[in-house]
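One-letter residues, chain by chain:
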Amino acid sequence: MPTRNVVLHVADVHKSFGGLHALSDVDLQVEEGTIHAIIGPNGAGKSTLLNVCIGRLAPDTGAVVFDGQVITGKQPHEINQMGVVRVFQTPEIFPDLTLLQNVMVPAFAKRDGAFRLNAMQSVEKRTDIRDMALHWLEDVGLAGQKDAIAASLSRGDKRRLELAMGLVQNPRLLLLDEPTAGMSRHDTNSTIDLLKKFKGRGMTKVIIEHDMHVVFSLADRITVLAQGRIIADGPPDEVRGNPKVQEAYLGGAH
Amino acid sequence: MFNNPARNDWMLLAGFSAVILCLPILLEPIGAAYPALMQKFCIFGIFAIGFNILFGLTGYLSFGHAAFLGVGSYAAVWSFKLFTMNAIPAIVMAVFFAAAFAVVVGYVCLRRSGIYFSILTLAFAQMCYNLAYSVLTPLTNGETGLQLTLNDPRVVDGLFFEPSAGLPRVDLFGLPISGGGYAGFYLCAITLIVCFYIAMRIFRSPFGMMLRAIKSNQNRMRYTGFNTRPYLLAAFVISGMYAGLAGGLMAATDPLVGAERMQWTASGEVVLMTILGGVGTLVGPVLGAAVIKYFENIFSSFDDHALHGVLGFLPNSIENPIVSFLSLFVGDGWNLTLGVVFMLIVIFLPGGIMEGLRRIWNLFNRRPGNRDAMPVAQTQPAE
Ligand SMILES: Nc1ncnc2c1ncn2[C@@H]1O[C@H](COP(=O)(O)OP(=O)(O)OP(=O)(O)O)[C@@H](O)[C@H]1O
Ligand SMILES: [Mg+2]
């Protein structure tokens, strides 16, 4: 098997909230161009791990290395500008803006950088941004509602919107926190297809998921977290057969 | 069907300009067509438009914007005293000093958001107000207020003109600006139109879109790759400059400034104007400013005597209690009226006058699907 570049390295991260060890000795390597699933029971620390990766939380010890650079301690917007994008567990969108604007804003971040005082430019004239945004709205199947206010969407649609907001930035690393929760079977399948479409095109994905159908149809590698510790890590078949995993997660939940 | 937003904007601007320039005719029937009042509408319109760029777009509610108004006024009067009675340098100085001051205040206050931001701005403005009365007396002339005197240097004017006998007037290349003439009104009116145009451009720009996105979900902005702080600071400084400009015009039309211009009630007033007119709309703040200044003018000139005159047809036993009740709300009690109206607006019409107009418009145009064909919708942030 050819060894690939490690694009994300979570190095010995520890994070506790008061007495609760949300993450202990978590060491994780994500290879470039793969889809890496993180699974585990509720409260295992999966979202906390992503929070540490994008600069929302600082780890107590350890570091996160992206593309050879330590990103712990950087501002969230700097981490994003490096190409790390997160889709949240509870949809984080711009509820007062239209769907089109919701996707245009991240497109601007990608094109224009972290700050630009373009107060005398007209949004209308930025057809490049508009076209990018429309393209991704079509891909997630929301183009028909592009002028609707985002707050009016269903939970599943908000998730798809947020996915478009992530994909429009053409990230190098896309972190997805339960991207299909609250979606119909049909939408879940089209999301799986959408995520597969970009496989190996320079976009690495880390996906947290409870839906085993999604996990096993997408993942190249699976890491299992339980109570803040990694209890298994390997290719899907290996993890599926691992007795520890059966006990901690698969057995208990299914 | 796609109607051209750029064309709609030009029509809005043309309509707005026409209304402002024709104010002397339009306001004739309601007895408000005199320059001193109309220029107040324009000046407070500018103040409110600027305030709305911060509050309407980013959602950051400043309770200290009158400080920038005051700084602008002081800077302008100093320009009259030291250099020239020409209005242009005074206005430029007003905007410049307000901007510089806003950079400092914004830098500090924007470290917090929500109510903490509001309180910080309020504290800053009150500090300025108190300093103006104490330590800064050499700059502000304390309680007397800063005004022109006969022995001001006016170095630039001194090079060109013989000093006249009395106090000189503010002028614009020969046109008298101070003293309540039409030249003063038209200077304010044209400045208001330019300010409106700039605000419209900001509303339609990517920058404006980012400000709205910050208002909607600032956390998302950060994880989307935006450094929100410079966006907020830029909005804060721009709105401070608008306030400084308004202060400069205030000084140009009446070159006397006291510290009460920076008091918290003055900061509160622009909040009221913006909310009354319609937060986040382009026209709303100007409407709110005009309505408040108009009614202030009417109500505060009423007194018991005038009330007795109006209600004189009633028998005395009814007239007297009614007059003493109503007199609570007029004259010095005008603020009470304003407070009551404001409460009613916030409770029943949170979108302000603009929302009211929109509802009325919808009543008469109940065709489905013409929502974006209505004129008031154009004044809304591009939804
Ligand atoms: N900011 C915080 N402050 C305190 N405790 C927290 C915080 N964030 C997470 N926790 C706790 O840390 C533990 C791990 O939470 P986390 O959200 O990472 O779990 P998860 O694996 O994502 O679970 P789920 O599948 O339910 O999303 C939980 O017990 C949670 O209550
Ligand atoms: Mg979670």
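Sequence order as written defines the numbering, with residues in each chain counted from 1. Chains carry letters from A onward and ligands carry numbers from 1 onward, assigned in written order. The model is predicted, so local features are restricted to residues of pLDDT at least 70 and side-chain atom pairs to those at 80 or more, both for listing and for counting; the totals for chains, interfaces and linings are taken over all residues. Values shown for side chains rest on all heavy atoms present in the structure; no hydrogens or waters enter the calculation.

Caption draft 1: Quick peek at the packing of helix H3 (residues 35-58) of chain B against helix H9 (residues 182-204) of chain B. All names here are of chain B. Where helices are involved, their axes are fitted lines through C-alpha atoms of the stretch in contact, as for all axes, and angles between N-to-C directions lie from 0 to 180°. Only DSSP runs of H or I reaching four residues or more are called helices, and only runs of E reaching two or more are called strands; each is numbered from the N terminus. Orientation of H3 relative to H9, taken along the N-to-C sense of each, is 15°, at an axis distance of 8 Å. When the axis of H3 is compared with that of H9, the two are roughly parallel. The crossing of H3 and H9 is left-handed. Counted together, Pro35, Met38, Gln39, Cys42, Ile43, Gly45, Ile46, Ile49, Asn52, Ile53 and Leu57 of H3 and Tyr182, Gly184, Phe185, Cys188, Ala189, Thr191, Leu192, Cys195, Phe196, Ala199, Ile202 and Phe203 of H9 form the full contact between these two elements. Polar here means any residue outside two lists: the nonpolar Ala, Val, Leu, Ile, Met, Phe, Trp, Tyr, Cys and Pro, and the charged Asp, Glu, Lys and Arg; Gly therefore counts as polar. Here the contact of H3 with H9 is composed, by residue class, of 18 nonpolar, five polar and no charged. Angle categories are assigned with fixed cut-offs, so that under 35 degrees is roughly parallel, over 145 is roughly antiparallel, 65 to 115 is roughly perpendicular, and the rest are oblique. It is the rotation of the near helix from the far one that decides the hand of a crossing: anticlockwise by less than a right angle makes it left-handed, clockwise makes it right-handed. The criterion used for residue contact is that any of the two residues' heavy atoms lie within 4.5 Å.

Caption draft 2: Expanded view of the packing of aromatic side chains. Aromatic pairs are defined between Phe, Tyr and Trp rings, using the six-membered ring for Trp, whenever the two ring centres lie within 6.5 Å; interplanar angles under 30 degrees are classed as stacked, those over 60 as edge-to-face, and all others as tilted. Going through the model one piece at a time under the given rule, you end up with 19 aromatic pairs over all chains. Judged by centre distance (5.8 Å) and plane angle (80°), the rings of phenylalanine 226 of chain B and tyrosine 231 of chain B are edge-to-face. Comparing phenylalanine 226 of chain B with tyrosine 231 of chain B, the two get one shared label, buried. Taken together, a centroid distance of 5.4 Å and an interplanar angle of 65° make the contact between phenylalanine 325 of chain B and phenylalanine 329 of chain B edge-to-face. Geometrically, a lysine NZ or arginine CZ counts as sitting over a ring once it is within 6 Å of the ring centre and also within 35 degrees of the ring normal. For the cation-ring pair, arginine 240 of chain A lies above phenylalanine 216 of chain A, with the distance from its terminal atom to the ring centre recorded as 4.1 Å. Each residue gets one of three labels from its accessible area relative to the maximum for its type: buried under 20%, exposed over 50%, partly exposed in between, using a 1.4 Å probe on protein chains only.

Caption draft 3: Structural detail: the site of ligand 1. All names here are of chain A. We call a residue near a molecule or strand when any one of its heavy atoms sits within 4 Å of it. Close to ligand 1 lie 13 residues, the nearest being Asn42, Lys46, Ser47, Thr48 and Gln89. Throughout this description, a polar contact denotes any pair of N or O atoms lying within 3.5 Å of each other; where both atoms belong to protein, one of them has to be capable of donating a hydrogen while the other can accept it, and for residues adjacent in sequence the pair is counted only when both atoms sit in side chains. Contact between ligand 1 and asparagine 42: an oxygen atom at 2.9 Å from a side-chain N or O atom of the residue. In the complex, the protein chains occlude 62% of the 630 Å² of accessible area that ligand 1 would expose alone. Contributing elements (two or more residues each) for the shell around ligand 1: strand S2 (20-31) and helix H1 (46-53). The element best represented in the shell around ligand 1 is H1, accounting for three residues. Residue classes in the shell around ligand 1 are distributed as four nonpolar, seven polar and two charged. Methods summary: accessible areas were calculated by the Shrake-Rupley approach with a probe of 1.4 Å, and residue burial reflects only the protein chains presented.

Caption draft 4: Seen up close, the domain arrangement of chain A. All names here are of chain A. The start and end points of each domain follow an automatic or database-based domain assignment. Per the domain assignment, the segments of chain A are domain 1 (1-78 + 173-179 + 204-254) and domain 2 (84-170). One C-alpha centre belongs to domain 1, the other to domain 2, and the line joining them spans 27 Å. Between domain 1 and domain 2, the residue contacts involve 14 residues of the former and 12 residues of the latter. Here domain 1 and domain 2 share an interface that buries about 1,200 Å² over both sides, 59% of which is from carbon and sulfur atoms. Here, a salt bridge means any Lys or Arg side-chain nitrogen found within 4 Å of an Asp or Glu carboxyl oxygen. Inspection of the domain 1/domain 2 interface yields two salt bridges. Here's the idea: put two parts together, see how much 1.4 Å probe accessible area each one loses, and the total over both is what we call buried area.

Caption draft 5: Expanded view of empty space enclosed by the protein. Within this scheme a cavity is a closed region of a 1 Å grid, computed over the protein atoms alone, that accommodates a 1.4 Å probe without allowing it to escape, whereas a pocket is open but has protein on both sides within 12 Å along at least five of seven lines; lining residues each have an atom within 4 Å of a point. Grid points are joined across faces, edges and corners, and a volume is the space filled by probe spheres set on the points. Overall, the coordinates contain four cavities of 30 Å³ or more when judged by the stated rule. Considering only enclosed or pocket space, the largest cavity measures out at about 50 Å³ in volume. Surrounding the largest cavity, Phe108, Asp112, Gly113, Phe115, Arg116 and Asn118 of chain A together with Pro206, Met210, Phe226 and Tyr231 of chain B form its lining. Of the residues belonging to the lining of the largest cavity, the class tally is six nonpolar, two polar and two charged.

Caption draft 6: Inspection of the pairing of S2 of chain A at higher detail. Residues and elements named next belong to chain A. Being paired, for any two strands, means DSSP has found at least two bridges between them. Here strand S1 (residues 6-17) runs beside S2; their pairing, made up of eight bridges, is antiparallel. The residue of S2 that forms the bridge with phenylalanine 17 is leucine 20. Once S1 ends, the chain turns through two residues before running back antiparallel as S2, passing glycine 18 with a positive phi of about 60°.

Caption draft 7: Representation of the pattern of salt bridges in the model. Residue and element names in this part refer to chain A. Considering all chains together, one arrives at 23 salt bridges over all chains under this definition. The residue arginine 126 makes a salt bridge to aspartate 128 at a minimum N-O spacing of 3.2 Å. Owing to a relative accessible area of 30%, aspartate 128 belongs among the partly exposed residues under this scheme. Residues joined in a network through salt bridges with shared partners are Arg111, Asp112, Arg116, Arg126 and Asp128.

Caption draft 8: Region of the structure containing the coordination of the magnesium ion (ligand 2). Here the magnesium ion (ligand 2) is held by Ser47 of chain A (OG) and Gln89 of chain A (OE1), and the distances to it run 1.9 to 2.1 Å. A residue pair is termed long-range when its members are at least 10 positions apart, and serine 47 of chain A in helix H1 and glutamine 89 of chain A in the loop between strand S6 (84-87) and helix H3 (99-112) qualify at 42 residues. Because water is not among the atoms used, a metal site may look incomplete, as its donors are only the N, O and S atoms within 2.8 Å, or 3.2 Å for Na, K and Ca.

Caption draft 9: View of the packing of helix H13 (residues 264-277) of chain B against helix H17 (residues 334-348) of chain B. Residues and elements named next belong to chain B. The N-to-C vectors of H13 and H17 enclose an angle of 40°; their axes lie 10 Å apart at closest approach. Classed by the angle they form, the pair H13 and H17 counts as oblique. Relative to H17, the crossing made by H13 is left-handed. On H17, the residues touching Leu272, Ile275 and Leu276 of H13 are Leu338, Val341, Phe342, Ile345 and Val346. Among the residues making up the contact of H13 with H17, the classes are represented as eight nonpolar, no polar and no charged.

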